[in-house]
Amino acid sequence: MPAGLKSAYRYHRQNWNVVAKSCAAVILLSFVLAVGFLLIILSCALWANWLPLLVALTFVLAPLPNALFAHCGGDEFSSSDGATGAVDLGRFLTSIVVVTGFALPVVLTHSEVVKPGACVMSIIGGGLVYGTILAYSAAFRQEDEYD
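Calculation criteria
Residues numbered from 1 in each chain as written. Predicted model: local features only at pLDDT ≥ 70, side-chain atom pairs only at ≥ 80, totals over all residues. Heavy atoms only, no water. Axes fitted to C-alpha atoms, helices over the stretch in contact; angles between N-to-C directions. Helix = DSSP H or I, 4+ residues; strand = E, 2+ residues; numbered from the N terminus. Parallel < 35°, antiparallel > 145°, perpendicular 65-115°, else oblique. Left-handed = near helix turned anticlockwise from the far one by under 90°. Contact = heavy atoms within 4.5 Å. Nonpolar A, V, L, I, M, F, W, Y, C, P; charged D, E, K, R; others polar. Phe/Tyr/Trp six-rings, centres within 6.5 Å; stacked < 30°, edge-to-face > 60°. Buried < 20%, exposed > 50% of the residue type's maximum accessible area, 1.4 Å probe, protein only. UniProt positions renumbered as here; feature names shortened; annotations may be inferred. Expected span 1.5 Å × (residues − 1). Bend = angle between axes of the 7 residues up to and from the residue.

Colleague: With reference to specific residues and values, describe the packing of helix 2 (residues 53-61) against helix 4 (residues 85-110).
Modeller: Between helix 2 and helix 4, whose axes approach to 8 Å, the crossing angle comes to 165 degrees. When the interaxial angle is binned, helix 2 and helix 4 end up roughly antiparallel. For the pair helix 2 and helix 4, the sense of crossing is left-handed. Between helix 2, through L54, V55, T58, F59 and L61, and helix 4, the contact on the second element is made entirely by V97, V98, G101, F102, L104 and P105. A class-by-class count of the residues in the contact of helix 2 with helix 4 yields nine nonpolar, two polar and no charged.

Colleague: Pulling in residues and values, what's your account of the packing of aromatic side chains?
Modeller: In the structure shown here, the tally under the stated rule is three aromatic pairs. Pairing F59 with F102 gives two aromatic rings, centres 5.0 Å apart and planes at 70 degrees, and the pair type is edge-to-face. Taken together, the positions of F59 in helix 2 and F102 in helix 4 put the pair 43 residues apart, joining distant regions of the chain. You can call F102 partly exposed: its relative accessible area is 34%. Relative to F140, the ring of Y136 has its centre 4.9 Å away and its plane inclined at 45 degrees; by these criteria the two rings are tilted. Take Y136: its relative accessible area is 46%, and that puts it in the partly exposed class. Relative accessible area serves as the criterion here: at 29%, F140 is assigned to the partly exposed category. Clustering of aromatic rings is evident, with ring pairs tying together F59, F102 and Y130.

Colleague: Any chance you could break down the environment of L93 for me, citing the residues and the numbers?
Modeller: Take L93: it is sitting in helix 4. For the pair L93 and P63, spaced 30 residues apart in sequence, the C-alpha to C-alpha distance is 9.2 Å. With residues near it in sequence (within four places) discarded, L93 still touches P65 and F69.

Colleague: Lay out the UniProt feature "transmembrane region" (unreviewed entry) in the protein with the relevant residues and their values.
Modeller: In the numbering used here, UniProt assigns the "transmembrane region" (unreviewed entry) feature to residues 18-42, 49-69, 89-108 and 120-139. This span, residues 89-108, is 100% helix and 0% strand, and a straight line between its end C-alpha atoms measures 28 Å.

Colleague: Tell me about helix 4, and name the residues and values.
Modeller: Each full turn of the α-helix corresponds to 3.6 residues, which orients residues three or four apart in the same direction. With 26 residues, helix 4 extends 36 Å from end C-alpha to end C-alpha; this agrees with the ideal 38 Å at 1.5 Å per step. Bending of helix 4 peaks at approximately 35 degrees at the position of A103, with proline P105 no more than four residues after it. Buried within helix 4 are the following residues: V87, G90, T94, V98, G101, P105, L108 and T109. Summarising the contacts, the buried residues of helix 4 are in contact with helix 2, helix 3 (63-69) and helix 5 (116-139). Following helix 4 by one or two positions, E112 has its phi on the positive side, about 60 degrees.

This is the structure we're talking about:
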């Protein structure tokens, strides 16, 4: 086999391994996301109270402020590498939504609107949904580097 053909074969084999790992990650993350939504929906359906479904909404919307304000940071010409006020505001708003997602079922359980079992299932499902969103964004983040 010629040397050029060997190097082309090796290159395509390495790229195939990257594609296979990416597909495995997407399949695993989609399974965990489905389990999270299943827990949230079951927490609503088993006790015939659909208020815990608000947890799914809060955890789906939680990364939105962080994603919107992440691009408001300094450019490559700025002198400081630290985060700007807009980035900090996005992180602060994201943390408010995440805390609301965990606290809402607890408050509803304390006021006896939701059963404790629904509260636990809703919190676990919401944690799985938000964790999946974070893992997906961390696994498939592309750095913008122009060297």
